[in-house]
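An overview of the molecular structure
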Amino acid sequence: MLLTIQGLRKSFGDLEVLKGVDLSVDKGDVVSILGPSGSGKTTLLRCVNFLETADKGTLAFDGETFQLGRVPKKDIARLRKKTAFVFQSYNLFLNKTALENVTEGLITARKVPKAQALDIGRRALSKVGLSDRMGHYPSQLSGGQQQRVAIARAMAAEPEIIYFDEPTSALDPELTGEVLSVMRQLAGEGMTMLVVTHELAFARTVSSQVVFMEGGVVVESGPAQEMFHHPREARTRAFLQTGGKSHGKGVES
C-alpha cells in the first residue's frame, strides 16, 4: 500500500470530527470519499496532508510509518514533496500568470532551475488544455480554467499521490465537466488519487475504490461498482439513492 491511515482522530474543541478513521490507498488507485456535509471528509484529507494536525492515529506512506500528531516538521516537509493538494478554491496567486503559478513551487520550494521549471510548467498546462492561456492571470480565467491550472501545478510536482478536496464544488455545472475530464485523463494514466467529491458519476465510473463516511467514521468502503450496485449498509444505500443530496449536521465536509 502507498498510503495507510489507522485510527485517525481529530477534534476541534469539544467537537469530535473524526472518530477513528481507517483508510488505505494502493499505488494507481483512485479512491473517492463520499458522504453528507459534516461527515469529516475534508478534515480527513487535510490531516493526511498535515494541513491540520490530527490528535491520534498512524500514517504509513511509501514504506514509512508515523504517529500522527507527533510528526517532526522536517518529515512533514519531506512527505509533502511526494504529494500534491488540489483545493476547492484553486488557491492561485492572483498576481502571477498561469505559468508562474505552476512553476513557483518548483523554483522556490523544490529548487528546480528556472528553465527546467518553465519547460515542466508548459508541458503540464498543455496537458490540461491551457497551452493558449499560459500568460493569463487568474482574473482572466474561468473557474474551470483556474482549477485546471491548479491541477497542472499539482501534476508538475510529479507527486506519488494527488489529494483532491471537492475540486468541482466551486464551479458552475457547465465548467465541472472540463475539470472532471482532466481527472479522468490522470486516472487513465495511472495517477494515484484520493478524491473528496460529491460527483457520484465520477466516483462510480472512475474510482477503483469508494469510501462512504458519515458522522466522522467510515460507514462502508469497497470497490466502486460493488459500492454503487450492492451497498451493504442501509445508510450508504439511502445516500446513493438520493444522488448524494442527503446532508448531515456539521460545519465542514
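Structure shown above.
In this report, the structure presented in the accompanying data block is examined.

Basis of the calculations
Residues numbered from 1 in each chain as written. Predicted model: local features only at pLDDT ≥ 70, side-chain atom pairs only at ≥ 80, totals over all residues. Heavy atoms only, no water. Helix = DSSP H or I, 4+ residues; strand = E, 2+ residues; numbered from the N terminus. Contact = heavy atoms within 4.5 Å. Pairing = 2+ DSSP bridges. Axes fitted to C-alpha atoms, helices over the stretch in contact; angles between N-to-C directions. Buried < 20%, exposed > 50% of the residue type's maximum accessible area, 1.4 Å probe, protein only. 1 Å grid on protein atoms, 1.4 Å probe; cavity = no way out; pocket = protein on both sides within 12 Å on 5 of 7 lines; lining within 4 Å. Points joined across faces, edges and corners; volume = space filled by probe spheres on them. Nonpolar A, V, L, I, M, F, W, Y, C, P; charged D, E, K, R; others polar. Polar contact = N/O pair within 3.5 Å; in protein donor to acceptor, adjacent residues only side chain to side chain. Phe/Tyr/Trp six-rings, centres within 6.5 Å; stacked < 30°, edge-to-face > 60°. Lys NZ or Arg CZ within 6 Å of the ring centre and 35° of its normal.

Before going further, it helps to spend a moment on the side chain of D29. Here D29 shows up in the loop between β2 (15-25) and β3 (30-34). Discounting chain neighbours no more than four positions away, the residues touching D29 are M191, T192, M193, S208 and Q209.

Attention now goes to the sheet that holds strand β8 (residues 193-196). Reading across the sheet, the 6 strands line up as β6-β7-β8-β3-β9-β10 and stay open at both edges, with mixed pairing between neighbours. Two strands lie at the open edges of the sheet, namely β6 (83-86) and β10 (217-223), each paired on one side alone. Neighbour-to-neighbour, the strand axes of this sheet turn through a mean angle of 15°, independent of strand direction. With 4 bridges connecting them, β6 and strand β7 (residues 161-165) associate as parallel partners. Counterpart to V86 in the pairing with β7 is F164.

Take the pairing of strand β4 (residues 56-61) next. The two faces of β4 differ: G57, L59 and F61 on one face are buried, but K56, T58 and A60 on the other face are not. Examined bridge by bridge, strand β1 (residues 3-12) and β4 share 5 bridges and lie antiparallel to one another. Counterpart to R9 in the pairing with β4 is K56. Where β4 lies against strand β5 (residues 64-67), 4 bridges are found, and the strand directions are antiparallel. In the strand pairing of β5, T58 is matched with Q67.

This part is about empty space enclosed by the protein. The tally for this structure, following the rule as stated, stands at 1 cavity of 30 Å³ or more. Considered as a void within the structure, the largest cavity measures approximately 40 Å³ in volume. Taken together, L3, V48, N49, F50, L59, F61, L79, T83 and Y163 form the lining of the largest cavity. In the lining of the largest cavity, the residues fall into 7 nonpolar, 2 polar and no charged.

Our focus in this paragraph is the side chain of S32. Relative to the helices and strands, S32 is located in strand β3. Taking the relative accessible area as the measure of exposure, S32 reaches 0% and is therefore buried. A distance of 2.5 Å separates the side chain of S32 from the side chain of S207, its partner in a polar contact. Leaving out residues up to four positions away in the same chain, S32 has contacts with V195, T197, F202, A203, S207, Q209, V210 and V211.

Attention now goes to the packing of aromatic side chains. For any pair of aromatic rings, geometry is given as the distance between the ring centres together with the angle between the planes. Within the structure shown, the criterion is met by 3 aromatic pairs. Look at F85 and F87: their rings are 4.5 Å apart centre to centre, the planes differ by 40°, and that puts the pair in the tilted class. Considered together, F85 and F87 belong to a single accessibility category, that of buried residues. Ring geometry for F212 versus F239: centroids 5.0 Å apart, planes at 45°, classification tilted. Taken as a pair, F212 in strand β9 (residues 209-214) and F239 in helix α9 (residues 234-241) lie far apart in primary sequence, 27 residues in all. Side by side, F212 and F239 carry an identical accessibility label, which is buried. By way of ring pairs, the aromatic residues F85, F87 and Y163 are connected into one cluster. Positioned over the ring face of F12 is K10, at 5.0 Å from the centre of the ring. Over the ring of F228 we find R204, and its NZ or CZ is 5.9 Å from the ring centre.

The next subject is the environment of G28. Looking at the element boundaries, G28 is found in the loop between β2 and β3. Looking at G28, the relative accessible area reads 35%, which means it is partly exposed. Residues G28 and E189 lie 161 residues apart in sequence; the distance between their C-alpha atoms is 8.7 Å. Setting aside its immediate chain neighbours within four residues, G28 contacts G190, M191 and T192.

Treat this as a map of the structure, not an account of what it does.
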